[in-house]
Amino acid sequence: MAITPEQREARRKHIGSSDSAAIMGACPWSDAYDVYVSKVLGESKKQTQAMAYGDLLEDACLRYFERKHNLTLAREVMRVHDGGIFAANFDGINDDLKIIVEAKWCAEERPDTPDDQRWGRAGSSHIPRRTLIQVQHQMLIAGPEYQTAHAVVMRGWNGLAFGRSEEHTSELQSRQYL
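Residues numbered from 1 in each chain as written. Predicted model: local features only at pLDDT ≥ 70, side-chain atom pairs only at ≥ 80, totals over all residues. Heavy atoms only, no water.

**Re the overall build of the protein**
Consideration 1: A count of helical and extended segments in the protein gives six helices and four strands.
Consideration 2: Relative to the compact-globule value of 16 Å for 178 residues, the protein shows a C-alpha radius of gyration of 20 Å, a clear excess of over 25%.
Consideration 3: Counting across all 178 residues of the protein, residues that qualify as buried make up 34%.
Consideration 4: A separation threshold of at least 6 residues defines the contact pool for the protein, and within that pool the share at least 24 residues apart is 61%.
Consideration 5: In the structure as shown, the protein presents an accessible area of about 12,000 Å², 54% of it carried by carbon and sulfur atoms.
Consideration 6: Here the protein contributes 22 positively and 25 negatively charged side chains, and the mean placements of these two sets differ by 1 Å. (Helix = DSSP H or I, 4+ residues; strand = E, 2+ residues; numbered from the N terminus. Rg over C-alpha atoms; globule rule 2.2 N^0.38 Å. Buried < 20%, exposed > 50% of the residue type's maximum accessible area, 1.4 Å probe, protein only. Contact = heavy atoms within 4.5 Å. Areas by Shrake-Rupley, 256 points an atom, 1.4 Å probe, with all protein chains shown as cover. Lys, Arg positive; Asp, Glu negative; His and termini not counted. Charge placed at Lys NZ, Arg CZ, Asp CG, Glu CD.)

As structure tokens, this is what we get:
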């Protein structure tokens, strides 16, 4: 989901979970300096196509998780750690069940993607180091009673394009009266 200007301003005041991954050197797209620039100078990176896909598909990932597990998640919840420096913006959280859900969209990985940046096969517990740090940060903020987090991952985007086929449309028309 797209971040509003108000949310972006609130996030400037704290170190968030994505910031932690960048500060710890686990994020291939940003580093500690980028976090500094975003917090102190208020400059943020332009949204990439991958970021736009993530915004569009986040809610679908969360709805899928809710349906699969027959539960409801609160969305876009921001909490600040007792110390006031760390904060987390949860994609989805269920306070009754003490569950955190992180929604991710990822493009097809290139063959040269380092192992610590790869997603495991479906059903495995291997997640990129950046996501592991991000979710551990969220569990720190949520509190010790939160022992489980889930990453719901939607992979790839083929974006195939194809043209109209008069042969197929004619066949469809001819068969509608059978």
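**A word on helix H4 (residues 49–69)**
Consideration 1: Over its 21 residues, H4 runs 30 Å from end to end, which matches the ideal 30 Å to within 8%, given 1.5 Å per residue.
Consideration 2: Most pronounced at leucine 57, the bend in H4 amounts to some 40 degrees.
Consideration 3: Within two residues after H4, asparagine 70 carries a phi angle of roughly 50 degrees, on the positive side. (Expected span 1.5 Å × (residues − 1). Bend = angle between axes of the 7 residues up to and from the residue.)

**Some details on the environment of serine 18**
Consideration 1: Following the sequence through the fold, serine 18 ends up in helix H2 (residues 17–23).
Consideration 2: Looking at serine 18, the relative accessible area reads 44%, which means it is partly exposed.
Consideration 3: Linking serine 18 and asparagine 89, residues 71 residues apart in sequence, is a C-alpha distance of 9.5 Å.

**Focus: the sheet that holds strand S2 (residues 87–94)**
Consideration 1: Spatial strand order, S1-S2-S3-S4: four strands in an open sheet with mixed pairing. Lying at the two open borders of the sheet, with one neighbouring strand each, are strand S1 (74–80) and strand S4 (148–155). Shown here is a sheet whose adjacent strand axes are inclined to one another by a mean of 45 degrees, direction ignored.
Consideration 2: Pairing of S1 with S2, which is carried by six bridges, proceeds in the antiparallel orientation. Bridge assignment links methionine 78 to a residue of S2, and that residue is asparagine 89.
Consideration 3: With respect to the sheet, H4 is in contact with S1, S2, strand S3 (99–106) and S4, its orientation differing from that of S3 by roughly 135 degrees.
Consideration 4: The strands that helix H5 (residues 129–142) touches are S1, S2, S3 and S4; relative to S2, the one it contacts most, it runs at about 85 degrees. (Pairing = 2+ DSSP bridges. Axes fitted to C-alpha atoms, helices over the stretch in contact; angles between N-to-C directions.)

**Re the nonpolar core**
Consideration 1: Ranked by size, the top nonpolar core spans 10 residues in total: Val77, Ala88, Phe90, Ile93, Ile100, Val135, Met139, Ile141, Ala142 and Tyr146.
Consideration 2: If you list the elements that add at least two residues to this core, you get S2 and H5.
Consideration 3: In contact with phenylalanine 90, other than residues within four places in its own chain, are Arg75, Glu76, Val77, Arg79, Ile100, Gln138, Ile141 and Ala142.
Consideration 4: Core analysis: the second largest hydrophobic core is formed by nine residues, Leu71, Leu73, Val101 and Ala103 among them. (Core = buried A, V, L, I, M, F, W, Y, C linked by side-chain atoms within 4.5 Å.)

**Topic: the side chain of aspartate 91**
Consideration 1: Relative to the helices and strands, aspartate 91 is located in strand S2.
Consideration 2: Setting aside chain neighbours within four positions, we find aspartate 91 in contact with Glu58, Leu62, Ala74, Arg75, Glu76, Val101, Glu102 and Ala103.

**Comments concerning the side chain of glutamate 66**
Consideration 1: Among the secondary structure elements, glutamate 66 is positioned in helix H4.
Consideration 2: By relative accessible area, glutamate 66 is classed as buried at 14%.
Consideration 3: Look past the residues within four positions of glutamate 66 in its chain and what remains in contact with it is Leu71, Thr72, Leu73 and Arg75.

**A few points about the pattern of salt bridges**
Consideration 1: If you walk through the whole model with that rule in mind, you get seven salt bridges.
Consideration 2: In this structure, arginine 75 and aspartate 59 form a salt bridge, with 3.2 Å as the shortest nitrogen-oxygen distance. Here the residue arginine 75 occupies a position in strand S1, and aspartate 59 occupies one in helix H4, the gap between them amounting to 16 residues.
Consideration 3: Owing to a relative accessible area of 24%, arginine 75 belongs among the partly exposed residues under this scheme.
Consideration 4: In this structure aspartate 59 comes out as partly exposed when scored by relative accessible area, which is 23%.
Consideration 5: For glutamate 102, the salt bridge goes to lysine 104, with nearest N and O atoms at 3.2 Å. There is no split in this pair, since glutamate 102 and lysine 104 are both buried. (Salt bridge = Lys/Arg side-chain N within 4 Å of Asp/Glu carboxyl O.)

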